[in-house]
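Chains, contacts and geometry: an overview
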Amino acid sequence: MSRDIDYGKLMHAAMRGLIKTVLGDVARNGLPGSHHFFITFDTGAPGVEIADWLSDRYPDEMTIVMQHWFENLEVGDEGFAITLNFGDAPEPLYVPYKAIKTFVDPSVEFGLRFESSPEDDLDDEDFDLSSEDDEETEPVQQRDAEVVSLDKFRK
């Protein structure tokens, strides 16, 4: 029985791993030089934790800026927690990596954009690429390739 490798899901998992690595470094060492991040996420995604007034104001998506002031950055396997300042009021947030739509560091013209549909949800079992064959496994439905464009983040 043959199966396909879902490169789109694998690429998204790798890109989210990159974000986790970068944020982990920032949590340990702070932001280096002029680096700063714009992170846009789906405020209605499962696991997102934000104040009610923020979800009322941003019912679909929200962009946060990590630059001059932030604290309590904690990076976990599934997402990150951070406290940001909104009009001189500190607010804690929790953002699962799966909720992130864009991650941009304009200081070095770097950006990632996640284009997904509901069936693109990432699960650990989606990435078992062992050579063991399972005759009961359904073939993966083939889809068109996704191209991630970084042009919109360039200066």
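Nothing here was measured: the structure is a model prediction, and the numbers come from that model.

Conventions adopted
- Residues numbered from 1 in each chain as written.
- Predicted model: local features only at pLDDT ≥ 70, side-chain atom pairs only at ≥ 80, totals over all residues.
- Heavy atoms only, no water.
- Helix = DSSP H or I, 4+ residues; strand = E, 2+ residues; numbered from the N terminus.
- Contact = heavy atoms within 4.5 Å.
- Areas by Shrake-Rupley, 256 points an atom, 1.4 Å probe, with all protein chains shown as cover.
- Phe/Tyr/Trp six-rings, centres within 6.5 Å; stacked < 30°, edge-to-face > 60°.
- Buried < 20%, exposed > 50% of the residue type's maximum accessible area, 1.4 Å probe, protein only.
- Polar contact = N/O pair within 3.5 Å; in protein donor to acceptor, adjacent residues only side chain to side chain.
- Pairing = 2+ DSSP bridges.
- Axes fitted to C-alpha atoms, helices over the stretch in contact; angles between N-to-C directions.
- pLDDT = per-residue confidence, 0-100.
- Expected span 1.5 Å × (residues − 1).

From N to C terminus, the chain includes two helices and seven strands. The long-range share in the chain, meaning contacts at least 24 apart out of those at least 6 apart in sequence, stands at 62%. By element, 47% of the accessible surface of the chain is carried by carbon and sulfur atoms, the whole surface being about 10100 Å².

This paragraph deals with the packing of aromatic side chains. Tallying each qualifying case throughout the model produces three aromatic pairs. Here the aromatic rings of Trp53 and Phe86 are separated by 6.0 Å at their centres, their planes lie at 90°, and the arrangement is edge-to-face. Of this pair, Trp53 sits in helix α2 (residues 52-57) while Phe86 sits in strand β4 (residues 79-86); the two residues are 33 residues apart in sequence, bridging distant segments of the chain. Overall, Trp53 belongs to the partly exposed group, its relative accessible area being 37%.

To continue, consider the side chain of Arg16. Counting through the fold element by element, Arg16 comes out in helix α1 (residues 7-29). A distance of 2.9 Å separates a polar atom in the side chain of Arg16 from the backbone oxygen of Tyr97.

Spatially, the four strands line up as an open sheet ordered β2-β1-β6-β7, and their pairing is antiparallel. The sheet terminates laterally at β2 (61-66) and β7 (110-113), the two strands that pair on one side only. Looking at each pair of strands side by side, their axes are set apart by 10° on average, direction ignored. In terms of strand pairing, strand β1 (residues 37-42) meets strand β6 (residues 100-105) through four bridges, oriented antiparallel. Note on β6: the bridge partner recorded for Ile39 is Phe103.

Moving on, we come to the pairing of β2. For a regular strand, the rule is simple: side chains alternate between the two faces of the sheet. Burial of the side chains of β2 is restricted to one face: Met62, Ile64 and Met66 are buried, whereas none of Glu61, Thr63 and Val65 on the reverse face is. Both β1 and β2 contribute to a ladder of six bridges, which runs antiparallel. Paired with Asp42 across the bridge in β2 is Glu61.

Turning our eyes to something else, we now look at the environment of Phe86. Taking the C-alpha atoms as reference points, Phe86 and Leu54, separated by 32 residues in sequence, lie 9.5 Å from one another. If we skip the residues at most four places from it in the chain, Phe86 touches Trp53, Leu54, Met62, Glu91 and Leu93.

With 74% of its residues at a pLDDT of 70 or more, the chain has an overall mean of 79. Within the model, pLDDT remains below 50 along residues 124-148, and this stretch shows 24 contacts once partners closer than five positions in the same chain are excluded.

Side chains that are three or four residues apart share a direction in an α-helix, a result of its 3.6 residues per turn. End to end, α1 covers 33 Å across 23 residues, agreeing with the expected 33 Å (1.5 Å per residue, within 8%). Within α1, the full set of buried residues consists of Lys9, His12, Met15, Arg16, Ile19, Leu23, Gly24 and Val26. Buried positions along α1 lie against β1, β2, β3 (70-75), β4, β6 and β7. One or two residues past the end of α1 sits Gly30, with phi positive at roughly 80°.

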